[in-house]
There are 2 protein chains.
Amino acid sequence: MNKYKLLLAGSTVAIAGMLLLTNSINGKSEERKAINTSPVVKEKGVESRNEEWAKYYPRQYDSWKKTKESDKIDDQLTKNPQLPVLWAGYGFSKDYNAPRGHFYTIQDITNTLRTGGPIDAVTGPMPTACWSCKSPDVPRMIEEVGELEYFTGKWAKYGQEIVNPIGCGDCHDSKTANLTLTRPYLKKGLEASGVKLEDITHQDMRSLVCAQCHAEYYFKKTEWTDAAGTKKTAAVVTFPWANGLTAEGMEKYYDDANFSDWTHTISKTPMLKAQHPGYEMFKSGIHAQRGVACADCHMPYVQEGAVKYSDHHITSPLDNIATTCLNCHQETEAEFKAVVKTKLERKEQLNKIAMDNLAKAHLEAGKAWEAGATEEEMKDILQDIRHGQWKWDYSIASHGAFYHAPEETLRLLSVANEQAQTARLKLVSVLARHGVVDYIAPDFSTKESAQALAGVDMPKLVAEKEAFKATLLQEWNKQAVEKGILNMETRKGMSDNTSYK
Amino acid sequence: MNKYKLLLAGSTVAIAGMLLLTNSINGKSEERKAINTSPVVKEKGVESRNEEWAKYYPRQYDSWKKTKESDKIDDQLTKNPQLPVLWAGYGFSKDYNAPRGHFYTIQDITNTLRTGGPIDAVTGPMPTACWSCKSPDVPRMIEEVGELEYFTGKWAKYGQEIVNPIGCGDCHDSKTANLTLTRPYLKKGLEASGVKLEDITHQDMRSLVCAQCHAEYYFKKTEWTDAAGTKKTAAVVTFPWANGLTAEGMEKYYDDANFSDWTHTISKTPMLKAQHPGYEMFKSGIHAQRGVACADCHMPYVQEGAVKYSDHHITSPLDNIATTCLNCHQETEAEFKAVVKTKLERKEQLNKIAMDNLAKAHLEAGKAWEAGATEEEMKDILQDIRHGQWKWDYSIASHGAFYHAPEETLRLLSVANEQAQTARLKLVSVLARHGVVDYIAPDFSTKESAQALAGVDMPKLVAEKEAFKATLLQEWNKQAVEKGILNMETRKGMSDNTSYK
C-alpha cells in the first residue's frame, strides 16, 4: 500500500506542477499580448496633441521633438532671385524658405507672408485648405465638421483650432497606433490613379503616410449645400493623379480641366504651381522601384538598450549616412557623399538655366503685351511658358528629387528649359513684329529687383503680418489653450525666425 | 646486429620514399606551372592573325567569332535625318551606321563612304590614322615602321597590311597572353590625365584594353623628319585628356589648342567631332565608381564542362542579362529591362530635341551669312554652336552612354540644347538686323533632304566606292594573302552589307 501511496503522491505533485506550468505559459502569453498591444491614446477620433502620445511613446516623441533643431530660415528668394519673377502675382513671390522640421509647421504657416495678415475669421488671402498639411488638428476638424465644411472659408477660420504641428496623429490611429491615412484626398487620389486601397501593404503605408502631404495637389472649387440648406463653395485639396503620377500626366489633367493656380501678372500666363510632388518623384526613381519606403531612409531604427524603435527625427538621410544609406550602399561615407554631391551639382546647373530662361520668357512676354501683341499671337507662347514652368517646378519643388529621381529631375529640367527657350524664340518674332528689336529683359539678379518686377510690396506685407501676430494670433492661441487643445509648454524655447525681419 | 640491420633497411626505405615523394611534388609543381603558363603565340612582335591564336585558345576564339552574328546595317542617317545637317562638310554626313561586331571592323572601314574610293596608296580623303582602332595589324605596323611613319600618309597606304579585324593581338601580348596596351596613344593620354602607368591594376586593365579604342581622340598634326632626312607631316591619334576626362575638360583642351575637326559647310562653324568617348562616359558613371570593369559585364565568364573562360562575344549585356546584369542587380529580367527602357527613352527624348535645335542653328546661321552677317556678329553664335554640338555628340557618340552614365548623358544633352537655343535666339536678332524676319529653316526630315542640304553627292560617292572595291581592294587582299598575313578562309560566309546598296 505504501508503494501506491507514494505513486499517488508523486502523480499529484506532477499534475499540480503541470497545472502551474500551464498557468505560467498562459500568463506569459497574456503578458506578451499586453506588451504587443498598443495603449489606447484616444478611444474615438484623433488625438492631435503630440504631448499626449508622449505618455506612451516617450522615445518616439523625443526623437520627433528633435525636428525642432531644424530651425534655420533659408530664404530661397534671396538664393534664387529668379523665383519672384517666376511667381509674380502668386504668394510664393512674397516669401519662400527651404523646409524646416515638422516641429515648425504651425509657426511656418503662421509666419509666412503668403498667408497674409487676417484681422478676423473671414479675411486674408488664403483658404482653409492651406492648413491641410500642417497639423493633426486637420483630421480632427474634418471629423468634427465634415470634409466640405472644413474646406470652406478662409484660412483664418481655423486659427484657434489648428495649433499642433505635424505629429503623431497625422500618421497613427489614436486608438490602435497603427499607421493610417488621415487625409481623405490621398485615398481619393490613389483610387483615381488605379490603386485599390485594400491592396495597400504595410510597406506601402510606410511611404503613404508621408505622401499625404508630400505630394502634388490643387484646390478644386466645389459647390455644395450644407445641412441648413446654405449654398457654399469649398476649395478642396485634390490630387491630380487620374492620368498617372508623372509631370506630363498631371499637366494633361490640368490642361483638360482648364485649371490654373493663378494668372501671371507680367506675362499673363495661366500658370500652374507645383506643390511638392515628393511622393510622385520618389515613385519614378530606383529606390521606390526596389521597394524602399520613405521610412526606411528617413526614419531608421534606433537601438536604445533593449528597445528598438524608429527615429521620428525626420530629416535628410545625409545627416545620418552611416545608419541609413550605407545599410545598402556598400561604400564609405566619403564616397557616398561625393556621388550625391555630383547629383546635386548636375541638378543645380540645369535648374539655374531653366529658371533664368523662364524668368526671361515672362519678362519678354510682358514686353510683347506692352508693345501691342494680340491674344492670338501670344496663345502658343503662354502655353509653352505654362508647360515649361510646370515641369521645372515639378522637378525641383519637392524635397530631394535630385536624389530620389535624379534622371527624371534632369529630364524634366531639360524639357522645361526647352519650352522656355521655344517661347523666347517665338517672342523675338512677336516683338520684332511690333517694332521691338534687341529687347533685353530687366535685371532680376537680386530678391529686391525681382520682387519689384513682380510688384511685391514687402513693407506693407510685413506690417500686416506683424499686426496680425500681435493681435489675432494671440487671440487664437488664447482660445486654443482655454479649449485644452494647445499646451503652450510645448512651444517653450521656440525661436521665431522669419526671412523678413 | 640483426636489429641494427633492420633499422638501417627501414631508414633506407623511408629516405627513398621521401625522395620519391619530393620528386612527385616537384613534378606536380612543374605540371601546375606548365598548365598555368600560357603558350607562346609569337615570340616577338604582334601576332595579328586571330586564327593563329585559335590554336591555343579555341574557346575564346569561337566566342570572339560570334561577333560575326552582329551583321545588321542600322543606318543612323535614315533614323536621325538631323545628322547629315549636323555633320555637313564632314565624312559622317555621307555614311554612319550603328556599330556592328568586332568581326566587321575591316569590312566597315573599307565599305564606309567616309573612306572614299582611293585609286592608289596616296589618294582618298582619310589619313592612315583611320585604321588605328580597326585591327591588330595596327600595333604590328607601328612596331615595324615606327609610330610617326605609321601616322603619315593616306589611309590607302596600308590597305594590303591592315587586314585582320579587331581581335586577340589588340589586347593580349602575343608572347605571354597577358592583357596589354598595344596603342601608344592611350598610354600618353593616361599620363597626360595624371595616371601613373605603374599603378595600373589588373582590374583597371580589364577596362583599359577597351579604352584603347572606345575613347575620344583627335588627329594631331605633327611635323617630323624621317631617318633619310625627309620632312613629313603625321596625323597622330591623340587623347585630349590633359584637363581630365570630362566633356568640358576636353572642350577647353580643344579651344585652347584652337583645334577644329572641320569647318561646317552651312554655318561655317569650326567644329569638333566627338569620336566615341565610351571609356570617359563610363568613368563618370556609377559602375566605374563601384570598381566594375568593362569585361565584368561585356565579357562574362562562361563555364564549359570543367573549363571556365571569359566570353569574347562582346556585345550589349542586355543580350545576356541573366549572366551579366543580374549578378549584381537583384531583380527579375523583366524588371531590369523596364528600368533600362526608361533610361533609353529619357535619352532619346533629349537627344531628339538637341539634334533638332542644333540642325536649325546651323541652317539659320547659314541664312545669316547669306543675308550679309559679319564675322563679328557671328563669332559668339558659332562658338555656341561649336560647344553645343560638341556636348551633344560627346554624350551620345559612344556605346551605351545612356546606361553607363545616364545622369551625365542627360546633363550634357540639356546643356547642348541650351547652347543651341542660345545661338538660335541670337540668330533671330542677327537675321532681323539683315532684313530677314520669321525665317524658317528648310526641311531636313529625311536622309535625302538633309544630305541635299549638306551637299552630299551620294551617287558619286557610291560609284567611287564600288570602283575601289572592284579594283584596289582586290589587289590589297591579294597582296595580303601572298604575304601570309590574311587567310581568306576567315572571311568565308561574310555578308557584304552596306547602307547604300
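Cut-offs applied
- Residues numbered from 1 in each chain as written.
- Chains lettered and ligands numbered in written order.
- Predicted model: local features only at pLDDT ≥ 70, side-chain atom pairs only at ≥ 80, totals over all residues.
- Heavy atoms only, no water.
- Core = buried A, V, L, I, M, F, W, Y, C linked by side-chain atoms within 4.5 Å.
- Buried < 20%, exposed > 50% of the residue type's maximum accessible area, 1.4 Å probe, protein only.
- Contact = heavy atoms within 4.5 Å.
- Salt bridge = Lys/Arg side-chain N within 4 Å of Asp/Glu carboxyl O.
- Helix = DSSP H or I, 4+ residues; strand = E, 2+ residues; numbered from the N terminus.
- Expected span 1.5 Å × (residues − 1).
- Arc of directions from axis to C-beta.
- pLDDT = per-residue confidence, 0-100.
- Pairing = 2+ DSSP bridges.
- Polar contact = N/O pair within 3.5 Å; in protein donor to acceptor, adjacent residues only side chain to side chain.
- Least-squares fit on C-alpha atoms with pLDDT ≥ 70 in both.
- 1 Å grid on protein atoms, 1.4 Å probe; cavity = no way out; pocket = protein on both sides within 12 Å on 5 of 7 lines; lining within 4 Å.
- Points joined across faces, edges and corners; volume = space filled by probe spheres on them.
- Axes fitted to C-alpha atoms, helices over the stretch in contact; angles between N-to-C directions.
- Parallel < 35°, antiparallel > 145°, perpendicular 65-115°, else oblique.
- Left-handed = near helix turned anticlockwise from the far one by under 90°.
- Nonpolar A, V, L, I, M, F, W, Y, C, P; charged D, E, K, R; others polar.

What about the nonpolar core?
Link 1 in the chain: Of all hydrophobic cores here, the largest spans 69 residues; its most connected members are A:Leu86, A:Trp87, A:Trp392, B:Leu83, B:Leu86, B:Trp87 and B:Trp392.
Link 2 in the chain: When neighbours within four sequence positions are excluded, A:Trp87 is seen to be in contact with A:Leu77, A:Phe92, A:Ser93, A:Tyr96, A:Trp262, A:His264, A:Lys273, A:Gln389, A:Trp392 and A:Asp393.

A closer look at the pattern of salt bridges
Link 1 in the chain: As enumerated under the stated definition, the model contains 82 salt bridges over all chains in all.
Link 2 in the chain: A salt bridge links A:Lys367 to A:Glu370; the nearest nitrogen and oxygen atoms lie 3.4 Å apart. Taken as a pair, A:Lys367 and A:Glu370 lie in helix H16 (residues 333–371) at a separation of three residues, close to a single helical turn.
Link 3 in the chain: On the basis of relative accessibility, which here comes to 22%, the residue A:Lys367 falls in the partly exposed class.
Link 4 in the chain: We note a salt bridge from A:Asp496 to A:Lys501, for which the minimum N-O separation is 3.4 Å.
Link 5 in the chain: Taking the relative accessible area as the measure of exposure, A:Asp496 reaches 34% and is therefore partly exposed.
Link 6 in the chain: It is possible to trace a salt-bridge network through shared partners that takes in A:Glu248, A:Glu407, A:Glu408, A:Arg411, B:Lys343 and B:Arg346.

Quick look at helix H22 (residues 472–483) of chain B
Residue and element names in this part refer to chain B.
Link 1 in the chain: In this model, H22 (twelve residues) spans 16 Å end to end at C-alpha, consistent with the 16 Å of a helix rising 1.5 Å per residue.
Link 2 in the chain: Leu472, Leu473, Trp476, Asn477 and Ala480 are the residues of H22 that are buried. End-on, the buried residues of H22 take up no more than an arc of 135°, which puts them together on one face.
Link 3 in the chain: Looking at the buried side of H22, the elements it contacts are helix H6 (105–111) and helix H21 (458–470).

Quick look at the confidence of the model for chain A
Link 1 in the chain: Here chain A averages 95 in pLDDT, and 98% of its residues register 70 or above.
Link 2 in the chain: For this predicted complex, the interface confidence comes out at an ipTM of 0.91, alongside a pTM of 0.92.

Structural notes on the pairing of strand E1 (residues 218–225) of chain B
Look at any regular strand and the pattern is simple: side chains alternate between the two faces of the sheet.
All names here are of chain B.
Link 1 in the chain: Note that E1 and strand E2 (residues 231–238) share eight bridges and pair antiparallel. Looking at the pairing, Trp224 lines up with Lys232 of E2.
Link 2 in the chain: Taking the residues that link successive antiparallel strands as the turn, the E1-E2 hairpin has five residues, and the phi of Gly229 there is positive, at about 85°.

Some remarks on the interface of chain A and chain B
Link 1 in the chain: Opposite the 32 residues of chain A that make contact, chain B presents 32 residues.
Link 2 in the chain: Its salt-bridge partner being A:Arg346, residue B:Glu407 comes within 3.5 Å of it at the nearest N-O pair.
Link 3 in the chain: Applying the counting rule to chain A against chain B returns 17 residue pairs in polar contact (both at pLDDT 80 or more).
Link 4 in the chain: The set of elements that each furnish at least two residues to the side of chain A that touches chain B consists of helix H14 (286–289), H16 and helix H19 (406–433) of chain A.
Link 5 in the chain: Counting residues per element, the side of chain A that touches chain B draws most heavily on H19(A), at 16 residues.

Looking at the relation of the copies chain A and chain B
Link 1 in the chain: Rotating chain A by 180° about the axis while translating it 0.0 Å along that axis superimposes it on chain B, leaving an RMSD of 0.5 Å. The transformation just described matches what one would write down for a two-fold rotation axis.
Link 2 in the chain: The fraction of interface residues of chain A whose copies in chain B are also interface residues reaches 100%, indicating that both copies meet through the same surface.

Quick word on unusual backbone geometry
All names here are of chain A.
Link 1 in the chain: Phi at Asn258 takes a positive value of approximately 55°, unusual for a residue other than glycine.
Link 2 in the chain: With respect to the secondary-structure elements, Asn258 resides in the loop between helix H12 (247–256) and strand E3 (262–263).
Link 3 in the chain: In this structure Asn258 comes out as exposed when scored by relative accessible area, which is 72%.

Observations regarding the layout of surface pockets
Link 1 in the chain: Volume-wise, the second largest pocket comes out at about 1,100 Å³.
Link 2 in the chain: Lining of the second largest pocket is provided by 49 residues; of these, A:Arg424, A:Leu425, A:Val428, B:Leu425 and B:Val428 occupy positions nearest its centre.
Link 3 in the chain: Secondary structure elements with two or more residues in the lining of the second largest pocket: H16, helix H17 (375–396) and H19 of chain A together with helix H16 (333–371), helix H17 (375–396) and helix H19 (406–433) of chain B.

Details of helix H3 (residues 58–65) of chain A
Link 1 in the chain: Within the sequence span of H3(A), burial applies to A:Tyr61, A:Ser63 and A:Trp64. Buried residues of H3(A) fall within an arc of 165° about the axis and therefore sit on the same side.

Side note on the packing of helix H12 (residues 247–256) of chain B against H17(B)
Each pair of packed helices can be summarised by the angle the axes make with each other and by the distance between the axes.
All names here are of chain B.
Link 1 in the chain: Packing of H12 against H17 brings their axes to within 10 Å, and their N-to-C directions diverge by 135°. Comparing the axis directions of H12 and H17 gives the class oblique. By crossing handedness, the relation of H12 to H17 is classed as right-handed. Two secondary-structure elements touch here, H12 through Ala247, Glu248, Met250, Glu251, Tyr254 and Asp255 and H17 through Gln383, Arg386, His387, Trp390, Lys391 and Tyr394.
Link 2 in the chain: Residue classes in the contact of H12 with H17 are distributed as five nonpolar, two polar and five charged.

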